[in-house]
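# Results of the structural survey
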Amino acid sequence: TLFPYPTLFRSSPLFKGGEFIGMLIIEMDNKGVSDIVKDYARFGQTFETIIISKIGNDAYFIIPTRFDPNAAFKRKVPIGSPKEIYVQKALRGESGSGIFLDYRNKPVLCVFRNIPRFRWGIVVKMDMYEVFKSARDLRNTIIQVGLLLLSFVIFLAIGISRTISKPIENLTRVSRIISKGDLDARVDVAAKDEIGELASSFNDMTDRLVKAKANVEEK
């Protein structure tokens, strides 16, 4: 090969009228394949694509990986070993997804497929901590918003309770003064709600009580 990289070949016989006339051989260096799949910038910090091929009894990585630039045709997984099951599944023709330990021995979420035309397995994966990062960020945001709303509700409840309790305390205070004989005391009516109506009624009742007392004294 003219390429200074490991090279892949695919061949097919050519026939004309049932007569063999030659071979068609396609040559592809792994750098070209690597350039296609190594654009990781849009997919996070740990996303990567792995392409593997079975050579002998081993599954070989045929392109560099994001975290091992020297992996091409050097990193391998023995077929039948308990390591990197997703790689072996892809080469066996299986397709699926799941959580596995990758070649760095880190838990990853990966999707694997088989490409029978090239007898390759392809895996896309991402570290679990990054997969759940958005969920954690959303959870933290919800907690922060919840705490802000809770604080607002507490302050609102305190304000409403003071709005209600202060007129009632004032009404109770004036009623005690009147009960001691001071009929000139009145409740300040500052609101037009139910508490204000109650204070107005109390003042009207006190006025009628003063008139009734004056009538009795006159008689």
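A few points on the structure. Numbers given to residues run from 1 along each chain, matching the order in which its sequence is written. In keeping with the predicted nature of the model, local features appear solely for residues at pLDDT of at least 70, side-chain atom pairs appear and are counted solely at 80 or more, and the whole-chain, interface and lining totals rest on all residues. By convention in this description, side-chain values take in all heavy atoms of the structure and omit both hydrogens and water.

Once that is clear, we can look at the pairing of strand E8 (residues 120-127). Only protein chains enter the accessibility calculation, which uses a 1.4 Å probe; a residue is then buried when its area is under 20% of its type maximum, exposed when over 50%, and partly exposed in between. Numbered from the N terminus, helices here are DSSP runs of H or I no shorter than four residues, and strands are runs of E no shorter than two. The buried fraction of E8 amounts to 6 of the 8 residues, a majority that puts the element mostly inside the structure. In this structure, the hairpin formed by strand E7 (residues 107-115) and E8 is closed by a connection of 4 residues, where Arg-119 is found at a positive phi of approximately 55°. Between any two strands, at least two bridges found by DSSP are needed for them to pair.

This part is about the side chain of Asp-102. Its place among the elements puts Asp-102 in the loop between strand E6 (96-101) and E7. Under the relative-accessibility criterion, Asp-102 is labelled buried at 5%. Here Asp-102 is in contact with Glu-84, Tyr-86, Val-108 and Lys-125, once residues within four sequence places are set aside. Residues are treated as being in contact if the distance between any of their heavy atoms lies within 4.5 Å.

Further remarks concern the sheet that holds strand E3 (residues 48-55). Taken in spatial order, the 6 strands line up as E5-E4-E3-E8-E7-E6 in an open sheet, and their pairing is antiparallel. Bordering the open sheet on either side are strand E5 (76-78) and E6, each of which pairs with just one other strand. The mean angle between the axes of side-by-side strands here comes to 30°, regardless of whether they run parallel or antiparallel. Structural elements are reduced to axes, namely lines fitted to C-alpha atoms, with helices fitted over the stretch in contact, and the angle between N-to-C directions of any two is expressed from 0 to 180 degrees.

Among buried residues, those of type Ala, Val, Leu, Ile, Met, Phe, Trp, Tyr and Cys that are joined through side-chain atoms within 4.5 Å constitute a nonpolar core. Grouped together as the largest cluster of nonpolar side chains are 15 residues, with contacts concentrated most on Ile-50, Ile-52, Phe-61, Tyr-86, Cys-110, Phe-112 and Val-123. Per-element tally for this core: the top contributor is helix H2 (residues 85-91), with 4 residues. The contact partners of Tyr-86, leaving out residues within four places of it in the chain, are Ile-50, Phe-100, Leu-101, Asp-102, Tyr-103, Cys-110, Phe-112, Val-123 and Lys-125. By size, the runner-up hydrophobic cluster in this structure holds 8 residues, among which are Val-174, Ile-178, Ala-185 and Val-187.

Moving on, we come to the pattern of salt bridges. Salt-bridge detection follows one rule: a side-chain nitrogen of Lys or Arg within 4 Å of a carboxyl oxygen of Asp or Glu. Overall, the coordinates contain 9 salt bridges when judged by the stated rule. In this structure, Asp-58 engages Lys-76 in a salt bridge whose closest nitrogen and oxygen atoms are separated by 3.7 Å. You can see Asp-58 sitting in strand E4 (residues 58-61) and its partner Lys-76 sitting in strand E5, a full 18 residues away along the chain. You can call Asp-58 buried: its relative accessible area is 16%. For Lys-76, a relative accessible area of 43% corresponds to the partly exposed category. Between Asp-102 and Lys-125 there is a salt bridge whose closest N-O contact spans 2.9 Å. In this pair, Asp-102 is assigned in the loop between E6 and E7 and Lys-125 in strand E8, connecting sequence segments 23 residues apart. Like Lys-125, Asp-102 is buried. Several salt bridges converge on common partners, so that one network encompasses Glu-48, Asp-102, Arg-104, Lys-125 and Asp-127.

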